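Here's the letter readout for the chains.
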Amino acid sequence: MAASNPVPSVVDREDFDGESDAIALYKAMKGAGTDEELIISIICRRSYGQLKEIEAVYQQLYGRLLIDDLKADLSGYFEKLSVALFMSNIEQDVANLKEAVKGAGTDESAIVEILCTRNNGEIELIKRQYKKKYEVELVEDLMGDTSGDFKRIVVSLCSARRDERGGELGEETAAYLAQMLYEKGENEIGTDEVAFNRVFCRRGFHQLREVFEAYTQFHEEGILDTLDNEFSGCTKDGYRAIAITALEGRESFFAEKLHSAMEGLGTNDDQLLRLMVSRSRQDLLTVAERFEQKYEQTLEAFIDDDISGDYKLALLTLLRGNND
């Protein structure tokens, strides 16, 4: 469930001139050196539609592909970020899900971020684009790369049949479902994972909020405490993502994931990049607000302390954006 009025950091630039931007980018990469600051000032402050216009004009003017030139001149996570900006939100989700399941390992965090927070319409678009691009159903790739209770969650969510259009449950039904979750988890030895899956993956986020609020009648510490007690690993992560999205909005969940990507030793740059690029066009300023509320430190300060170089400048520019 998204906030009622999520605020992106990057929107259409009012005085946009695609030709001027294309010329500036060509000059920034022409010759021996590269003007990374100029590149960042353009691509991190233009909407997706404007970037695609720049890309087309660049090709028309110079007979070259802008993406190829960016790849040739940039490197590391700065290069990855720059290329990702020229993908739509759905294209990013599709590419990230494919990256999550290809090869020897599985990036469960990427799967959770996407499937556990998206609505039915978004998941349907992802499935359609995934099949078109890779000639395989998303659910088939996920089934082949996940197992156990986590596999059950992602297969359920791939159906894109969460009850989003259903009405409010009302106190009686919400309390009934809350009690059922309590009895199948905290109140018995072992956990009935199927019972949790039926509620978490079928009910709309608005309905889940009713259930989780009623749950405190049976377990004062709340549903998140139960998830921590009863589940582990990626299964717990998936249910937590759904619960936080229902109770606080997905922006709060993304804030939590940005924090975990940077806290402690080492940085999960794949997760950081994935979230910063995708949320910049949708709700990054709202995410940053939730981040400060949760951790009493600004997202900008956290990035400034943890990241370096052109990659840091690009992330900070995305965050500051152009949505004044």
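Preceding this paragraph is the structure being described.
Below you will find a few notes about this structure.

About the thresholds
Residues numbered from 1 in each chain as written. Predicted model: local features only at pLDDT ≥ 70, side-chain atom pairs only at ≥ 80, totals over all residues. Heavy atoms only, no water. Phe/Tyr/Trp six-rings, centres within 6.5 Å; stacked < 30°, edge-to-face > 60°. Helix = DSSP H or I, 4+ residues; strand = E, 2+ residues; numbered from the N terminus. Buried < 20%, exposed > 50% of the residue type's maximum accessible area, 1.4 Å probe, protein only. Lys NZ or Arg CZ within 6 Å of the ring centre and 35° of its normal. 1 Å grid on protein atoms, 1.4 Å probe; cavity = no way out; pocket = protein on both sides within 12 Å on 5 of 7 lines; lining within 4 Å. Points joined across faces, edges and corners; volume = space filled by probe spheres on them. Nonpolar A, V, L, I, M, F, W, Y, C, P; charged D, E, K, R; others polar.

## Details of the packing of aromatic side chains
If you walk through the whole model with that rule in mind, you get 16 aromatic pairs. For the ring pair Tyr26 and Tyr62, a centre distance of 3.8 Å and an interplane angle of 10° mean the geometry is stacked. Placement of the pair is Tyr26 in helix 1 (residues 18-29) and Tyr62 in helix 3 (residues 48-62), with a sequence separation of 36 residues. On the accessibility criterion, Tyr62 (26% relative accessible area) is partly exposed. Measuring from centroid to centroid gives 5.4 Å for Phe291 and Phe302, while their planes differ by 70°, and the two rings are edge-to-face. A residue pair is termed long-range when its members are at least 10 positions apart, and Phe291 in helix 18 (residues 284-295) and Phe302 in helix 19 (residues 299-306) qualify at 11 residues. The buried category is assigned to Phe302, whose relative accessible area is 14%. One aromatic cluster is present, built from ring pairs that chain together Phe196, Phe200, Phe212, Phe231 and Tyr239. Lying across the ring of Tyr134, Lys98 places its NZ or CZ 5.0 Å from the centre. The aromatic ring of Phe205 is capped on one face by Arg162, whose charged end is 4.4 Å from the ring centroid.

## So, the layout of surface pockets
Approximately 580 Å³ is the volume attributed to the largest pocket. In this structure, the largest pocket is lined by 21 residues; those nearest its centre are Lys80, Ala95, Asn96, Glu99 and Asp270. Elements supplying a minimum of two residues to the lining of the largest pocket: helix 5 (76-84), helix 6 (89-101) and helix 17 (269-280). When residues in the lining of the largest pocket are grouped by element, the largest group, 6 residues, is from helix 6. Here the lining of the largest pocket is composed, by residue class, of 10 nonpolar, 2 polar and 9 charged.

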